[in-house]
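Coordinates in review
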Amino acid sequence: MTYGLGLLTDGGLIMASDSRSNAGVDQVARVVKLSRFELAGDRVLVLLAAGNLATTQAVQQTLTQALGTGAVEDLFAQSSLFHAARCIGGVLRQVMQQDADFVRPYGDPSATFLFGGQIGQQPTCLYQIYSAGNFVAADERTPFLQIGETKYGKPILDRSFHAGLDLEVSTKLALLSFDATIRSNLSVAAPIDLVAYRAGSLALGPTFEFGAGESYYDTVTQSFSAGLTELVDRLPNPPGA
């Protein structure tokens with residue numbers, strides 16, 4: 001299992017994923033699940049993967065090899081994020097049709113993706129792509145999307161995240177969402193790969209790695225835990241206590 005998160009804000013986009021892959025308690029590995037596709041001054045695209053590792057890597061490699069070729073799978077040839085999402089969904093559908101029946105006796109062949117970015121001066125968009133190849137878009141009422149092990153990291157986002165937040169605050173909430181998930185589920189683990197995109201810039205910043213032992217991540221998560229404990233202490237006592 002994995003955890004992938006996309007936060008769509010008025011100012012841009014946060015995309016983050018953990019890096020644990022496991023096929024049993026004694027087959028654990030660290031893999032990169034975040035792919036970047038950039039065409040300078042024209043488009044920035046980020047893809048997060050969850051699910052069967054062979055399926056997700058087949059999709060990612062197909063898309064990477066098609067870049068700049070003009071093929072139907074070429075993300076650089078798509079006229080909008082919507083068409084690019086359809087392109088990814090089509091590749092995923094092809095991989096599933098080719099491999100799923102052979103994989104299913106040994107495990108779940110399915111995969112899901114989060115896909116976001118910007119093309120030209122079109123709006124920044126965020127999509128969740130399902131195993132069937134169809135997808136949904138984030139909007140002002142649903143400004144974040146999750147894949148993989150979603151339940152532990154969702155409450156803090158439901159309480160605190162909205163599209164009006166800046167990228168800095170959104171990054172803090174993303175890390176706290178991952179911290180909650182990592183604390184509660186052994187199938188999700190650091191390092192967390194995170195990239196922030198500022199709308200209109202058509203340039204991605206670096207991919208940051210966050211995790212236990214890294215100073216900023218430790219400061220944020222430990223400060224949150226301490227603050228939560230202090231807040232609970234300040235809450236009024238129950239009746240009759």
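Residues numbered from 1 in each chain as written. Predicted model: local features only at pLDDT ≥ 70, side-chain atom pairs only at ≥ 80, totals over all residues. Heavy atoms only, no water.

A word on the environment of D139
Applied cut-off: Helical segments are the DSSP runs of H or I of at least four residues, strand segments are the runs of E of at least two, and each set is numbered from the N terminus. A simple rule labels every residue: compare its accessible area, found with a 1.4 Å probe on the protein chains alone, to the largest value its type can have, and call it buried under 20%, exposed over 50%, or partly exposed in between. Polar contacts here mean pairs of N or O atoms no more than 3.5 Å apart (in protein, one a potential hydrogen donor and the other a potential acceptor; neighbouring residues in sequence count only if both atoms are side-chain atoms).
Following the sequence through the fold, D139 ends up in the loop between β9 (135–137) and β10 (144–148). A relative accessible area of 34% means that D139 is categorised as partly exposed. Spatially, the C-alpha atom of D139 lies 8.4 Å from that of C125, the residues being 14 residues apart in sequence. Engagement of the side chain of D139 in a polar contact is seen with the backbone nitrogen of R141, the distance being 3.0 Å. Separated by 2.8 Å, the side chain of D139 and the backbone nitrogen of T142 make a polar contact.

Notes on the pairing of strand β2 (residues 12–17)
Our working definition: Whether two strands pair comes down to DSSP finding at least two bridges between them.
Among the six residues in β2, six count as buried, and that is most of the element. Side chains G12, I14 and A16 project from β2 onto one buried face, and the interleaved L13, M15 and S17 project onto a second face that is buried too. Where strand β1 (residues 3–9) meets β2, six bridges bridge the pair, whose relative direction is antiparallel. Residue L5 lies in a different strand from β2, and its bridge partner there is A16. With antiparallel pairing between neighbouring strands as the criterion, β1 and β2 make up a hairpin whose turn holds two residues. In this sheet, strand β11 (residues 192–198) lies alongside β2 in antiparallel orientation, the contact comprising six bridges. For G12, the partnering residue across the bridge sits in β11 and is R198.

Spatial relationships are all this shows, so hold off on functional conclusions.
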